[in-house]
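Listed below, chain by chain, are the residues.
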Amino acid sequence: VTLSEGARAGIGRELGMLDSLLSFGGLVLLRDSVEWEGRSLLKALVKKSALCGEQVHILGCEVSEEEFREGFDSDINNRLVYHDFFRDPLNWSKTEEALPGGPLGALRAICKRTDPGPITIALDSLSWLLLHLPCTTLCQALHAVSHQDSCPGDSFPVGKVSVLGLLHEELHGPGPVGALSSLAQTEVTLGGTKGQASAHILCRRPRQRPTDQTQWFSIFPDFSLDLQEGPSVESQPYSDPHIPPVDPTTHLTFNLHLSKKEREAKDSLILPFQFSSEKQQALLRPRPGQATSHIFYEPDAYDDLDQEDPDDDLDI
Amino acid sequence: MAAVATCGSGAGTTGSAVATASKSNVTSFQRRGPRASGTNDSGPRLVSIAGTRPSVRNGQLLVSTGLPALDQLLGGGLAIGTVLLIEEDKYNIYSPLLFKCFLAEGIVNGHTLLVASAKEDPANILQELPAPLLDDNSKKEFDEDVYNHKTPESNIKMKIAWRYQLLPKMEQIGPVSSRFGHYYDASKRIPQELIEASNWHGFFLPEKISSTLKVEPCSLTPGYIKLLQFIQNIIYEERFDGSNPQKKQRNVLRIGIQNLGSPLWGDDICCAENGSNSHSLTKFLYVLRGLLRTSLSACIITMPTHLIQNKAIIARITNLSDTVIGLESFIGSERETNPLYKDYHGLIHIRQIPRLNNLICDESDVKDLAFKLKRKLFTIEWVQDNYLRQERNIYPPGFSYLLKQKDSAWGEGSLQHSTFLMSFLAKATAFASRLVRHSEPLKQTGSGRIHQAAGPRLWHDGRRQEAPGLLGIPP
């Protein structure tokens, strides 16, 4: 988890990606764990988008409707469209208000709407859906829902769709989590230290480098977000201020650096294999001592001193 | 290649044969059956399709992959009838670029395209293809672009190791033949008229399949079945399988399949380790390769292998594909801060090259290839500091650190460097030869010729004469 400059800068300069999570659209994956629960963040984001005037649909599968609506004031509660799959998930009571097709059918029905306008769908939890549906079907449905606005040839203009999914990381193996995160446009992993929660936000835009940021936050009882600076930056473990970094080039028994004169001398040295004009002249000039050099050779007992060329016998 | 047989000038009895031979243009071998074309040339007729060329090594017909550097690494190009599998990088940023370059190359050469995807509409994919650099002006810009990015250190000419500068660069920035291999500008889109002039077929899975289909176990997933049927129909309808010999102008079908194996295709190998359909993808590749081998087509597949949970499946997939390339990007990994890789965006691994009608494959001997996506261009290069890394293999680790210091007195060409080198290598040789001498018997007898280890200047009468200098004195 890296603390980027955005988290360290003042709050006024960049409110961070947590505020603008929903503006990108697509699938936003909230990964939480037992220590850092994500439902309050989910409710905070739902409240924010409801206050912005977007249409908000909730697919509640894991907790009851009363528990989910707790903490919201009546204004927001009236804006939420709640699809309850907690009370009767297998539709045993067979009432007419039950939606056909289960949660996926409800998702598709939401997307077949005709009014343009941004819409936010909160899946209360993706973990519940993963445990009850095959992973591939869920991935295909999520992809179809979240990419509906990218088709240019549609008959009616459809607004931006954001899907917020809550995923409990410990319930699933690396496979489904990896598959869902490769589909997601934004991935928020909850963590924290010493009582303060942080959100590591990884934003994948298509064909661009993913950007990540860590944002410290806390949530008020009325589910509004409070972005924070983060705990005081502790001294990094590897740069201890008491011990200065060791420079290995000191206290050497040999000379490591070149002085300017030495470097000039080195650069002006002509290497033996470089063919320069002086060398050419030296080679072309007849050398004075050439006639006086001899080679003395004493043959061994096993040397063959036959002067004939053995290849002379060949007749080509 | 068909050999043109000439009938030799013979005796008078063959006079009539000569007469008939001269009438039928040179050869005395009569072709059985009607001639396909009534042309006069009976010499060897090569298949010449736009955008292809025969390989100089094994005669296979090759098409360009869209990146000339990649073509070079694969031994000239991608052979027709084979599959190029690209293992996607983690955030899927660079593999779509290779995919699009392949398709753009098909459009520029006039090949037929078949684009299959479960994620994006093929029409959208085609709109985003990169524009080709066709004229000389853009070529000059591209040359400048390349040379402007050279770091200052690489401009120091090496004086001692000057032969390393003569090594060929990866990019052939010379004149690229306009018929094979083009450069593409990743920042511009392909002109619309080129797309409209091309012949393409698209397969978008959510349109072709209804979601309520039941999946039978131990069989191909319905998405794969539909795709194979689609490909087979196109091959048959447009005569890529050679079923219509009368047709003179042949063309190549380029197939591109994106994100194969991801959950959007209905395959759960990325979700579970032992899924119900774990053989679906391998069967698909097997059938696809059969379809490709019997037609004039080449296929590119991108696959998110980093998501596949069962590693044995990855090995099977590699064996079932012909050419396999893996992309590893540095984003988010610790290699991002490694100074060795500071100019590059990722590594490219060539995992497999096929042996087509050959006993050996065309593998290049360079193992450390990295790629970078500059503003316009995707280039593949050797990781630099090749020279120093080779040194690190010989020298103790601390020494190469000293070598890398700027203005070091231990740089190449200095007296310290060469003295150290000589003494270090001499010690290494002496150590090795000491090991050899230990295997000799202590006594040297006249008949013990075969027991004596090979040493310098061994004489038959048992006397040994040591070479003066670096080797140690025998005990």
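- An unreviewed UniProt entry annotates chain B as Elongator complex protein 4 originating from Piliocolobus tephrosceles.
- We quote the UniProt Pathway (unreviewed entry) comment for chain B here in full: "tRNA modification; 5-methoxycarbonylmethyl-2-thiouridine-tRNA biosynthesis."
- For chain B, the Subunit (unreviewed entry) comment in UniProt is given as "Component of the elongator complex which consists of ELP1, ELP2, ELP3, ELP4, ELP5 and ELP6."

- Identification of chain A as Elongator complex protein 5 from Piliocolobus tephrosceles is taken from an unreviewed UniProt entry.
- According to its UniProt record, chain A has this under Sequence similarities (unreviewed entry): "Belongs to the ELP5 family."
- Quoted verbatim from the Pathway (unreviewed entry) field of the UniProt record, the comment on chain A reads "tRNA modification; 5-methoxycarbonylmethyl-2-thiouridine-tRNA biosynthesis."

Things to note about the pairing of strand 6 (residues 186–193) of chain A
Residue and element names in this part refer to chain A.
Point 1. The pairing of strand 1 (residues 26–32) with strand 6 spans 4 bridges and is classified as parallel. Note that in strand 6 the partner of Arg31 across the bridge is Thr189.
Point 2. As defined by bridge partners, strand 6 adjoins strand 7 (residues 196–203) across 8 bridges and the pair is classed as antiparallel. By the bridge assignment for strand 7, Leu190 is matched with Ala199.
Point 3. Taking the residues between adjacent antiparallel strands as the criterion, strand 6 and strand 7 are bridged by 2 residues, where Lys194 takes a positive phi near 50 degrees.

So, the sheet that holds strand 14 (residues 378–382) of chain B
Pairing between the strands of a sheet comes from backbone hydrogen bonds, and it takes one of two forms, parallel or antiparallel.
All names here are of chain B.
Point 1. Spatial ordering of the open sheet is given by 8-5-9-10-4-11-12-13-14, a layout of 9 strands whose pairing is mixed. Of all strands in the sheet, those bounded by a partner on one side alone are strand 8 (200–204) and strand 14. Mean inter-strand twist for the sheet, computed between neighbouring axes without regard to direction, equals 20 degrees.
Point 2. Bridge count for strand 5 (residues 112–117) against strand 8 is 5 bridges, and the pairing is parallel. Each residue of the ladder has a partner; that of Val115, found in strand 8, is Gly202.
Point 3. Relative to strand 4 (residues 83–87), helix 10 (residues 311–320) is tilted by about 150 degrees, and along the sheet it contacts strand 4, strand 10 (297–303), strand 11 (323–329) and strand 12 (346–352).

Calculation criteria
Residue positions within a chain follow its written sequence, with the count starting from 1. Whichever chain is written first becomes A and whichever ligand is written first becomes 1, with later ones labelled in order. Confidence filtering applies because this is a predicted model: local features only for residues at pLDDT of at least 70, side-chain atom pairs given and counted only at 80 or more, and all residues used for totals across whole chains, interfaces and linings. The side-chain quantities take in all heavy atoms of the structure and omit both hydrogens and water. UniProt positions are given in the numbering used here, feature names are shortened, and annotations may be inferred rather than shown by experiment. For two strands to be treated as a pair, DSSP must find no fewer than two bridges joining them. In DSSP terms, a helix is any run of H or I states spanning at least four residues, a strand is any run of E spanning at least two, and both are numbered starting from the N terminus. Each axis is a line fitted through C-alpha atoms, and for a helix only the stretch in contact is used; angles between axes span 0 to 180 degrees, taken between their N-to-C directions. Two residues qualify as a contact provided that any one of their heavy atoms is within 4.5 Å of a heavy atom in the partner residue.

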